[in-house]
Amino acid sequence: IQRWHNLMVRRMGGQSWCFALAIGGGYIYSEGQARAQKHWVEKRSRAYAFDNHDHLIAQSQQMIIYHWQHPQSVRAYHNVGNLWSEQVRRGCLTGEGQRLRQAWFGGSLDGRKVVAWFDTTFVEEGESVSTYTEAIAWYADLLRLLEEEERLLMVIKPSKSEAWFMDTRKQWVHPLGARVMEQWHRLQQHPRVHFASSEEDPSGVIAASDLTITFCFSSPSAEAL
């Protein structure tokens, strides 16, 4: 439908613009040559075939090269870098990051380091690259790290709400979701953890943290790279 919209906009003398997110498609599943090279073999996706925007905005030259590998009729590609990083920078310069740290941990900072942890979209299914089983292991590792390293404060930023794992009306609900929630509840009760909402602004979380770590295939990592 979007491609027909673009044709009609062009016919009326206008121009169409598309902002491409970093994550998705073959770009993050490549088994080809080094990304520093211009022509590596990527897994192309039909989702990006035959795009016909007048302008496509991408976050890196690597993404643009990935789109070039598809039969597209895009008029112009623009590498503008990571737009979200500007929000992080602003949060640091305005002091918003420091205010969040104080709101989350108060006087308990005491020289401790704040580490932000972003998970990803977990799907317990045969072809999934990030399963509920891996989610359980991920959160268990965070709990163990809290016990081993008392100097750390943690911000846990889930990708999905509790309903994703537990609501039987959701597509990917699975019995293992209850075990994921057990890990969540233990982290939510920990005195050195701020367990953020799935809807909380990721830019603020990153600005308030000394280090940000994400589960593989999570968009903060892909956007940063």
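What counts and what doesn't
- Residues numbered from 1 in each chain as written.
- Predicted model: local features only at pLDDT ≥ 70, side-chain atom pairs only at ≥ 80, totals over all residues.
- Heavy atoms only, no water.
- Phe/Tyr/Trp six-rings, centres within 6.5 Å; stacked < 30°, edge-to-face > 60°.
- Buried < 20%, exposed > 50% of the residue type's maximum accessible area, 1.4 Å probe, protein only.
- Lys NZ or Arg CZ within 6 Å of the ring centre and 35° of its normal.
- Pairing = 2+ DSSP bridges.
- Helix = DSSP H or I, 4+ residues; strand = E, 2+ residues; numbered from the N terminus.
- Axes fitted to C-alpha atoms, helices over the stretch in contact; angles between N-to-C directions.
- Contact = heavy atoms within 4.5 Å.

Novice: With reference to specific residues and values, describe the packing of aromatic side chains.
Specialist: Under the criterion given, the structure shown has ten aromatic pairs. Taking 6.2 Å as the distance between ring centres and 90° as the angle between the ring planes, the aromatic pair formed by W68 and Y77 counts as edge-to-face. Exposure remark for W68: the relative accessible area of 41% places this residue in the partly exposed category. The rings of Y132, Y139, F165, W184 and F195 are connected pair by pair, giving a single aromatic cluster. Looking at K160, its charged tip hangs above the ring of W164, at a distance of 5.0 Å from the centre.

Novice: Tell me about the sheet that holds strand β2 (residues 55–58), and please be specific about residues and values.
Specialist: The strand order across the open sheet built from three strands is β1-β2-β3, with neighbouring strands paired in parallel fashion. The sheet is open, and its two edges are formed by β1 (17–19) and β3 (76–79), each paired on a single side. Between one strand and the next, the sheet's axes are offset by a mean angle of 20°, whatever the strand orientation. Pairing of β1 with β2 involves three bridges; the strand directions are parallel. For C18, the partnering residue across the bridge sits in β2 and is L56. In the packing of helix α2 (residues 61–68) onto the sheet, the strands contacted are β2 and β3, and the crossing angle to β3 comes to about 155°.

Novice: Explain unusual backbone geometry to me, using residue names and the numbers behind them.
Specialist: Phi at F50 takes a positive value of approximately 70°, unusual for a residue other than glycine. If you check the backbone angles, D110 has positive phi at about 45° while not being a glycine. Mapped onto the elements, D110 comes out in the loop between α4 (96–105) and β4 (113–118).

Novice: An account of the environment of I213 is requested, with residue identities and associated values reported.
Specialist: Looking at where I213 falls in the secondary structure, it is placed in strand β7 (residues 211–214). Measuring from C-alpha to C-alpha, the distance between I213 and F118 comes to 6.4 Å, with 95 residues separating the pair along the chain. Excluding residues that lie within four positions of it along the chain, I213 makes contacts with V115, A116, W117, F118 and W138.

Novice: Tell me about the sheet that holds strand β6 (residues 193–195), and name the residues and values.
Specialist: Ordered in space as β6-β5-β4-β7, the four strands form an open sheet in which the pairing is parallel. Two strands lie at the open edges of the sheet, namely β6 and β7, each paired on one side alone. Mean inter-strand twist for the sheet, computed between neighbouring axes without regard to direction, equals 20°. Two elements, strand β5 (residues 152–157) and β6, share three bridges in a ladder whose sense is parallel. Across the sheet, V155 pairs through a bridge with H194, a residue of β6. Helix-sheet contacts for helix α5 (residues 132–148) involve β4, β5, β6 and β7, and the interaxial angle to β5 is about 160°.

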